[in-house]
Every structure is written in C-alpha cells, then in structure tokens.
Amino acid sequence: MKSALITGVSGQDGSYLAEYLLERGYQVWGLVRREPESARWLRAILPRLEVVYGDLRDAESLAVAFQKAWPDEVYNLAGQVFVPTSWEVPAETFDINVGGLARLLQLVERTKRDTRVYQASSSEMIGNWDGLCDEQTRLRPTSPYGVSKLAAHRLAEVYRQRGLFVVGGILFNHESPRRGPEMVTRKISRVASRWLLGDRTKLALENLQARRDWGFAGDYIKAMHAMLQLAEPQDFVIGTGVSHSVSDFLTEIMAAMGELGPAANVPRTVEEWVEVNPQFLRTGEIHDLRADARRAQRALGWQPAVDFKQLVRMMLESDLAAARGK
Ligand code: GDP
C-alpha cells in the first residue's frame, strides 16, 4: 500500500486529494495544526485518515510526521494562500510558503530520497502577462505571496537538479464549495445564497473587471497525483484556458439564482446587490490569467471536466444548502 503525506489536508485541495487517494487505496496521512473535527470537509473521511499534528514552520513537527507516515509521496498544499494577507504578514508568508518546503525537502534528502514531492506552485508567480501562459512564460510576481510561491518553485527546481523527484504544479485559480470564504468566488456564492433566502445584505467587492481562469479544484487534484506518477519529474501548468471577469461570475450566478430560488429574491441587476469599493483596489493587481495546459494534456492525459457554468452552480447550490441549514 502506498503512503501519502498531505500538508494542508483540511483545506480545499487537501480534502479533495485525500478523498481521491483513499479511493485509490493509499494510506493517507494528513498534517493538521488544529483538531481535524473542526474541518467540515474532512468529517466524512476522518475514520480512514491518519491524522498527524504539525506546522510547516516547525521542523521538528515535520520530522515526526514524516517518520510516522514514511511517505512514498508528499503533497505540500499547506500555505498562506491569500494575496492581501501576504502584504500584512510578508515574512510569515515566506516562512510558511518557502521555509515549509525547504524543511520538507531537507527531510526528504536526509532520510528518504525516493519520496516524491508535489509542490503547490501558483499562477500568481506569473504576474501580469497578456495571453495564454505555459511552463515557459516568464515569472514576474506582483505580491509577496507571488514572490514566495516563485521562491518555493525555484527551490523545488534546485532540489530536482540534486536528484530528488520534486514537481511544481502551476495551478491557476481553482474553486469549489470548499473554497476559503475570503476568496472572491466563495464570497459571492455565500452572499448569493443568502439573497435567495431573502437577506438583502449587499455584497461589497473591489474590482469587477479582474479576470481569472477559474476551474474546479476536484479536477485539479487529479493532475497533482498524475504528476507524481511520471517517470521523470517536470513542472506543469494546470488550468482551463478560459478566463472570466468577476462581473461574468456575478452574471452567471444570477442566472443560477434564477433557476434555484424564487424570482422575487433574484436581483435583476448587478447594482441591486453588489457595491464596489474601488479604494480597495489591490496593489499589483493581476488583471487577467489564462492557462495553456497542453503539456499536461499530452503528458498526463489531464483535462478539466467541470466548466465555468457548472462550477458557479455547484458553489451556489452548496452554499444554499448550508444557508438553509441542511
Ligand atoms: P487570487 O487570484 O488568488 O488573488 O484570488 P481571489 O479570489 O482573492 O481574487 C481574484 C480576483 O478577484 C482578484 O483580481 C481580486 O482583486 C478580485 N476581487 C474583486 N473583489 C474582490 C473581493 O471582494 N475579494 C477578493 N478576494 N477578491 C476580489
């Protein structure tokens, strides 16, 4: 039986990946900082999950977790993931996002060199770039978060040159009902669900023009696993190739609201339920991101299964069920 250690197992990607690996017969070890019972998405799989306590900032805790799991594969998905927070706590962002990987790679190199490592790299490393982005696109990040992800990505590369099997998955934005509530898609789907139930509290957003290549996290974790099964380690871009604006997301969710709730609770215009506070406009805002995932398609046979419309509807349905207390 293969063993996998997942850092960030209680997050969106970690929980989908844990489910996927359990289905495939893995013994799954999940690194958590807090009681896993509080992680809603883990409840269903907790009886089958091996829980280990630890923190990417604490080398000793990682060493203990690593010894227990003795993993064939490590998925480093934990991190400080929110761009605005990275301006508030840049050093901590580095300690977790870069130092964490450094601690893991040092452990692998010293104790079990055949362990394969997946590093959660990010499209935020790219910064502003017009057009589709592939593995060769130049990387010029615009936030401490983006710089931290780039540093970790390069660290993975130098350890790969020293002979370890390490890959960086350059994942574009990926969402789901489990997305953190601070991210724009989930922020929107939560407020939309409350509108459908008659709560008229307005949604405050920052920038409706920003565009992202939004895919479904449940599809993306399959690519992570596939990357670690290759004969040779290499980096991959993962995304759908299509970008939408925040405004498109709002329009799409209003259509879904019309299908799921009473017409009286569906706003007719964006202005009716959304207010824009341009003073919150981000420093170094990334205006558009689109992935060219052809290498992943060729080498991994990977393709996204869920499209934008389905993703929006799935998020609304889930938040609606939660708002109804189901
Ligand atoms: P990111 O791409 O990792 O930064 O993911 P986010 O979901 O945080 O942001 C995606 C885009 O939505 C960015 O361009 C944000 O500036 C934009 N956006 C507009 N309004 C909001 C908001 O209220 N919250 C967040 N998180 N993002 C917003």
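Scroll up a little and you will see the structure.
Residues numbered from 1 in each chain as written. Predicted model: local features only at pLDDT ≥ 70, side-chain atom pairs only at ≥ 80, totals over all residues. Heavy atoms only, no water.

### Some details on the pattern of salt bridges
Inference 1: This structure, assessed with the given rule, holds 22 salt bridges.
Inference 2: Residue Asp95 pairs with Arg103 through a salt bridge whose shortest N-O separation is 2.7 Å.
Inference 3: On the accessibility criterion, Asp95 (30% relative accessible area) is partly exposed.
Inference 4: We note a salt bridge from Arg179 to Glu175, for which the minimum N-O separation is 2.8 Å.
Inference 5: What makes Glu175 buried here is its relative accessible area of 1%.
Inference 6: One network of salt bridges, with partners in common, ties together Asp55, Arg57 and Glu92. (Salt bridge = Lys/Arg side-chain N within 4 Å of Asp/Glu carboxyl O. Buried < 20%, exposed > 50% of the residue type's maximum accessible area, 1.4 Å probe, protein only.)

### Some thoughts on the site of the ligand
Inference 1: As a matter of local geometry, the ligand sits amid 18 residues, with Val184, Lys187, Arg212, Arg282 and Glu285 nearest to it.
Inference 2: Side-chain polar atom of Arg212 to an oxygen atom of the ligand: 2.8 Å apart, as the coordinates give it.
Inference 3: For the ligand, the protein covers 97% of the area, taking 530 Å² as the surface of the free molecule.
Inference 4: Those elements giving two or more residues to the shell around the ligand turn out to be α6 (184-196) and β9 (203-205).
Inference 5: Per-class residue counts for the shell around the ligand are nine nonpolar, two polar and seven charged.
Inference 6: Each of domain 1 (3-175 + 214-241 + 296-300) and domain 2 (184-211 + 244-288 + 306-323) gives at least three residues to the shell around the ligand. (Near = heavy atom within 4 Å. Polar contact = N/O pair within 3.5 Å; in protein donor to acceptor, adjacent residues only side chain to side chain. Areas by Shrake-Rupley, 256 points an atom, 1.4 Å probe, with all protein chains shown as cover. Helix = DSSP H or I, 4+ residues; strand = E, 2+ residues; numbered from the N terminus. Nonpolar A, V, L, I, M, F, W, Y, C, P; charged D, E, K, R; others polar. Domains from an automatic or database assignment.)

### Considerations on unusual backbone geometry
Inference 1: Not every positive phi belongs to a glycine, and Trp70 is a case in point at roughly 40°.
Inference 2: Within the element layout of this structure, Trp70 appears in the loop between α2 (59-69) and β4 (73-76).

### Details of the packing of helix α8 (residues 246-260) against helix α11 (residues 308-323)
Inference 1: Taken N-terminus to C-terminus, the directions of α8 and α11 make an angle of 60°; their axes are 9 Å apart at the nearest point. Relative to α11, the element α8 is oriented oblique. In this structure, α8 crosses over α11, and the sense of that crossing is right-handed. Contacts between α8 and α11 involve Asp248, Phe249, Glu252, Ile253, Ala256, Met257, Glu259 and Leu260 from the first element and Phe308, Lys309, Val312, Arg313, Met315, Leu316, Glu317 and Leu320 from the second. (Axes fitted to C-alpha atoms, helices over the stretch in contact; angles between N-to-C directions. Parallel < 35°, antiparallel > 145°, perpendicular 65-115°, else oblique. Left-handed = near helix turned anticlockwise from the far one by under 90°. Contact = heavy atoms within 4.5 Å.)

### Description of the packing of aromatic side chains
Inference 1: Scanning all chains against the criterion turns up eight aromatic pairs.
Inference 2: Each ring, one from Tyr16 and one from Phe216, has its centre 5.6 Å from the other, and the planes form 80°; the classification is edge-to-face. Placement of the pair is Tyr16 in helix α1 (residues 12-23) and Phe216 in strand β11 (residues 215-216), with a sequence separation of 200 residues. Each member of the pair, Tyr16 as well as Phe216, carries the same accessibility label: buried.
Inference 3: In this structure an aromatic cluster arises from ring pairing among Trp214, Phe249 and Phe308.
Inference 4: In this structure, Arg116 is placed above the aromatic ring of Phe165, and the distance from its NZ or CZ to the ring centre is 3.9 Å. (Phe/Tyr/Trp six-rings, centres within 6.5 Å; stacked < 30°, edge-to-face > 60°. Lys NZ or Arg CZ within 6 Å of the ring centre and 35° of its normal.)

### A look at the sheet that holds strand β5 (residues 116-122)
Inference 1: Taken together, the seven strands give an open sheet; going across it, the order is β3-β2-β1-β4-β5-β7-β12, and neighbouring strands pair in parallel fashion. Each edge of the sheet is formed by a strand with only one pairing partner; in this case those strands are β3 (50-53) and β12 (236-238). With direction set aside, neighbouring strand axes in the sheet form an average angle of 20°.
Inference 2: Two elements, strand β1 (residues 3-7) and β4, share four bridges in a ladder whose sense is parallel. (Pairing = 2+ DSSP bridges.)

### Comments concerning the pairing of strand β7 (residues 165-171)
Inference 1: Across the seven residues that make up β7, a large majority, seven, are buried.
Inference 2: Here β7 shows a buried face lined by Phe165, Val167, Gly169 and Leu171 and a second buried face lined by Val166, Gly168 and Ile170.
Inference 3: Here seven bridges tie β5 to β7, and the two strands are oriented parallel to one another. Bridge pairing links Gln119 to Gly168 in β7.
Inference 4: In this sheet, β12 lies alongside β7 in parallel orientation, the contact comprising three bridges. Across the sheet, the residue bridging to Gly169 is Phe236, located in β12.

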